[in-house]
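# Close look at the chain arrangement
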Amino acid sequence: SCAGRPEAGEIEGVNVLQQLHEACRGMVQRGLALFRRGAGGIADGACRIDRLFERAESLGQKALAISDHGNLFGLMEFYNEAKGRGIKPLLGCEIYLVLHDRLIRPERTQHRYYHMGLLAQNFTGYQNLVKLVSDAHINGFYYKPRTDLERLAAHAEGLIGFTGCMQGLIPQ
């Protein structure tokens, strides 16, 4: 570093990429993968569940998550396959979040939504996830199945939220 300041990719002399690499390697060694798109994912799912679990078993993974964009179509097949193989299924969805009322339909050029990952922590969380995604399709659908902060807060019990992909609120 120059003049005592950390260079790009360093924080106080520690390489951030090296830390990230070590953390990811630790997750793999402990048998945990937290992001997966299934064949039920309309927009970007291409992974066959049986092959996914064959690979997870070969890597010794103990848990695997599903988080398709905006739908829960692959959850039951994923859950049954995981249970049958002794791998813990983490059920989730990457929802489309709007910062205004989900019933408002702004002009296409003014429409803004963000991705947000949700994982069910328990059965109550699963029920809330189903409520959120169902409502997003029935009442919030406008180009995408959307939910808003008010609805998310009303059904947050038992859910773990994360930023999701680069289209999440925090990365944006």
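Described in the following lines is the structure provided in the data block. (Residues numbered from 1 in each chain as written. Predicted model: local features only at pLDDT ≥ 70, side-chain atom pairs only at ≥ 80, totals over all residues. Heavy atoms only, no water.)

### Description of helix 2 (residues 49–58)
Going by this rule: To sort residues, take the accessible area from a 1.4 Å probe on protein chains only and compare it with the maximum for the residue type: under 20% means buried, over 50% means exposed, and anything in between is partly exposed. Secondary structure follows DSSP: runs of H or I at least 4 residues long count as helices, runs of E at least 2 residues long count as strands, and numbering of each begins at the N terminus. By construction, the arc corresponds to the directions joining the helix axis to the C-beta atoms. Contacts are assigned to residue pairs that have any heavy atoms within 4.5 Å of one another.
What helix 2 keeps buried is the set Ile49, Leu52, Phe53 and Ala56. Buried positions in helix 2, seen along its axis, are confined to an arc of 95° and lie on one side of it. Opposite its buried face, helix 2 presents the exposed residues Arg51, Arg55 and Ser58, each directed more than 90 degrees away. Turning to helix 2, the residues buried within the fold contact strand 4 (63–69) and helix 3 (75–85).

### What to know about the nonpolar core
Generally speaking, a soluble globular protein has its nonpolar side chains buried in company with each other. Stated formally: Definition of nonpolar core: a set of buried residues of the types Ala, Val, Leu, Ile, Met, Phe, Trp, Tyr and Cys, connected through side-chain atoms within 4.5 Å.
Within the largest apolar cluster, 22 residues are counted, with the highest numbers of intra-cluster contacts made by Phe53, Leu64, Phe78, Ile95, Leu118, Leu129 and Leu152. Those elements that place two or more of their residues in this core are helix 2, strand 4, helix 3, strand 5 (88–98), strand 6 (114–120) and helix 4 (123–138). In this structure, Phe53 is in contact with Leu64, Phe78, Glu81, Ala82, Arg85 and Ile87, ignoring residues within four places of it in sequence.

### Some thoughts on the pairing of strand 6
For clarity, the cut-off: Pairs of strands are assigned from DSSP output, requiring at least two bridges between the strands.
For strand 6, a buried count of seven out of seven residues is recorded, marking the element as mostly surrounded by other parts of the structure. Burial along strand 6 is two-sided: Tyr114, Met116, Leu118 and Ala120 facing one way and His115, Gly117 and Leu119 facing the other are all buried. Note that strand 5 and strand 6 share six bridges and pair antiparallel. Across the sheet, the residue bridging to Tyr96 is His115, located in strand 6. With four bridges joining them, strand 6 and strand 9 (residues 159–162) adopt antiparallel strand pairing. Looking at strand 9, one finds that Gly117 is bridged to Phe162.

### Structural notes on a nonpolar patch on the surface
Which entries qualify depends on this criterion: Patches were defined on residues exceeding 30% relative accessible area and lacking a salt bridge, with like-charge contacts within 9 Å and nonpolar side-chain contacts (Val, Leu, Ile, Met, Phe, Trp, Tyr) within 5 Å. Per-residue and other accessible areas were derived by the Shrake-Rupley procedure at a 1.4 Å probe size, with only the shown protein chains allowed to occlude residues. Put simply, a salt bridge is a Lys or Arg side-chain nitrogen that is within 4 Å of an Asp or Glu carboxyl oxygen.
A cluster of nonpolar residues, Leu99, Leu149, Leu169 and Ile170, forms a patch on the protein surface that exposes about 400 Å² of accessible area. Assignment of secondary structure puts Leu149 in helix 5 (residues 149–154). Here Leu149 falls in the partly exposed class, since its relative accessible area comes to 44%.

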